[in-house]
Amino acid sequence: MRAVRLEGVGSIALREVGKPSAGPDDLLVRIEACGVCGTDRHLFHGEFPCTPPVTLGHEFSGIVEAIGTAVSGFSVGDRVTGDPNIACGRCPHCHAGRINLCYNLIAIGIRRDGGFAEYVVLPQKQAFLLPKDLKPTHGAFCEPLGCCLHGMDLARIKPGSSVAVLGGGVIGLLTVQLARLAGATTIILSTRQASRRALAEELGATATVDPSACDIIDTVGGPSGLLPGGVDVVFECAGVRETVEQSMRLAKAGGTVVIVGVMPQGMKAEFEPFDLLFRELKVLGSFLNPFTHRRAADLIASGAIEIDKLISRQVTLEEAAAVIANPPAPGEVKVLVVPR
Ligand SMILES: [Zn+2]
Ligand SMILES: [Zn+2]
């Protein structure tokens with residue numbers, strides 16, 4: 001079969017590899033769609049730990065082609081989404097229910113072969129059923145949505161809360177939709193890209209801000225800003241230094257900052273510790289998708305999350321390596337790899 005292989009830092013290519021087979025506890029899944037994520041680009045550039053050679057792709061769904069002898073609850077022909085993050089179940093963090101912090105975490109598409117291929121091997125404990133009538137492309141959004149759900153859980157948004165989302169990529173635009181579902185009444189999204197601001201307003205943002213055209217701190221939290229004093233919850237969804245620094249200044253006293261964006265390892269940002277102390281800010285890291293994949297799949301199956309508008313384009317396996325090796329096109333939200 002064909003698979004997109006990361007062979008080292010800066011080296012990625014489509015290769016012909018052996019078709020895998022399902023072990024006793026595994027499903028063999030024929031990929032319908034697999035999303036290209038910022039993390040794939042970080043992996044290509046050596047900015048996120050991994051162990052090449054490996055087939056990338058951790059945001060996938062597809063159709064069960066074969067099942068192992070010990071599998072129950074799944075049948076050939078089922079549509080499934082895979083939670084790529086495999087926790088060991090035996091380490092102190094797993095025993096404490098914090099599976100995203102597992103000492104022995106192995107992610108499909110990072111530490112073992114993933115979904116930019118015709119087939120992937122998926123352990124049954126990582127598999128979740130999707131409806132047979134769901135659009136084949138929508139299942140690929142369960143993984144990013146699950147990561148956003150963890151951020152939402154940490155943020156403890158209440159009906160009437162005010163929210164700022166920094167970054168208009170897929171994580172930011174999913175977070176806008178979840179904040180709306182959670183009852184936030186003011187949702188401000190900040191991004192430099194006009195097309196993403198327009199999309200955010202369609203998806204539930206009550207206001208958008210172009211941070212390159214104004215002083216965002218003043219525009220949002222200044223005396224005559226959108227929310228004088230700042231917002232209850234800020235989601236940092238861009239993973240760049242400027243937005244990390246802005247996030248702490250946009251939160252109001254007693255507010256919460258949730259860092260969801262994945263930044264390159266080694267990146268530094270500046271903040272004023274006195275500000276955290278004096279204004280009692282809560283700054284929370286949100287890593288991966290612990291116990292949220294089922295809810296993400298249910299949300300997507302329900303149709304409560306707008307997905308089609310987030311799909312910028314679909315590409316073939318042949319085109320995938322070039323997409324990952326290059327920066328996203330302006331305004332692009334999510335590129336899906338759809339094997340033929
Ligand atoms: Zn991802
Ligand atoms: Zn563990």
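Described in the following lines is the structure provided in the data block. (Residues numbered from 1 in each chain as written. Chains lettered and ligands numbered in written order. Predicted model: local features only at pLDDT ≥ 70, side-chain atom pairs only at ≥ 80, totals over all residues. Heavy atoms only, no water.)

**Notes on the coordination of the zinc ion (ligand 2)**
Part 1: Every protein donor of the zinc ion (ligand 2) is listed here as Cys88 (SG), Cys91 (SG), Cys94 (SG) and Cys102 (SG), and their distances to the metal cover 2.3 to 2.4 Å.
Part 2: Of note is the zinc ion (ligand 2), whose four donor atoms meet at the metal with angles of 101 to 118° in an arrangement that counts as tetrahedral. (Donors = N, O, S within 2.8 Å, 3.2 Å for Na, K, Ca; no water. Tetrahedral: all angles 85-135°; square planar, octahedral: opposite > 155°, others 65-115°.)

**Some remarks on the state of the cysteines**
Part 1: This structure, assessed with the given rule, holds zero disulfides.
Part 2: Lacking any disulfide linkage, Cys142 is separated from the closest cysteine sulfur, that of Cys147, by 11 Å.
Part 3: Here Cys214 is not disulfide-linked; the sulfur of Cys237 is the nearest cysteine sulfur, at 18 Å.
Part 4: Relative accessible area serves as the criterion here: at 27%, Cys214 is assigned to the partly exposed category. (Disulfide = S-S within 2.5 Å. Buried < 20%, exposed > 50% of the residue type's maximum accessible area, 1.4 Å probe, protein only.)

**A look at the nonpolar core**
Part 1: Grouped together as the largest cluster of nonpolar side chains are 43 residues, with contacts concentrated most on Ile157 and Phe235.
Part 2: Among the secondary structure elements, those contributing two or more residues to this core are helix 3 (142-155), strand 11 (162-166), helix 4 (170-181), strand 12 (186-190), helix 5 (194-203), strand 14 (231-236) and helix 9 (293-302).
Part 3: Setting aside residues up to four positions removed in sequence, Ile157 forms contacts with Met152, Val163, Ala179, Ala182, Ala184, Val233 and Phe235.
Part 4: One finds Leu6, Val36, Val64 and Ile86 within the second-largest nonpolar core, a separate group that totals 33 residues. (Core = buried A, V, L, I, M, F, W, Y, C linked by side-chain atoms within 4.5 Å. Helix = DSSP H or I, 4+ residues; strand = E, 2+ residues; numbered from the N terminus. Contact = heavy atoms within 4.5 Å.)

**Remarks on the coordination of the zinc ion (ligand 1)**
Part 1: Every protein donor of the zinc ion (ligand 1) is listed here as Cys37 (SG), His58 (NE2) and Glu59 (OE), and their distances to the metal cover 2.1 to 2.3 Å.
Part 2: Each donor residue of the zinc ion (ligand 1) lies on the same chain, and together they follow the pattern C-x20-H-E. Here Cys37, found in the loop between strand 3 (26-35) and helix 1 (38-44), pairs with His58, found in the loop between strand 4 (54-55) and strand 5 (60-67); they are 21 residues apart in sequence, far enough to count as distant.
Part 3: Residue Cys37 is classed as buried on the basis of its relative accessible area of 13%.

**Description of the sheet that holds strand 14**
Part 1: Taken in spatial order, the six strands line up as 13-12-11-14-15-16 in an open sheet, and their pairing is parallel. At either margin of the open sheet sits one strand with a lone partner, and together these are strand 13 (207-209) and strand 16 (282-285). Recorded for the sheet is a direction-independent mean angle of 20° between the axes of neighbouring strands.
Part 2: As paired strands, strand 14 and strand 15 (residues 251-259) are joined by five bridges and run parallel to one another. By the bridge assignment for strand 15, Val234 is matched with Val257.
Part 3: The sheet contacts of helix 3 involve strand 14, strand 15 and strand 16, and relative to strand 14 the element is tilted by about 155°.
Part 4: Helix-sheet contacts for helix 4 involve strand 11, strand 12 and strand 14, and the interaxial angle to strand 12 is about 175°. (Pairing = 2+ DSSP bridges. Axes fitted to C-alpha atoms, helices over the stretch in contact; angles between N-to-C directions.)

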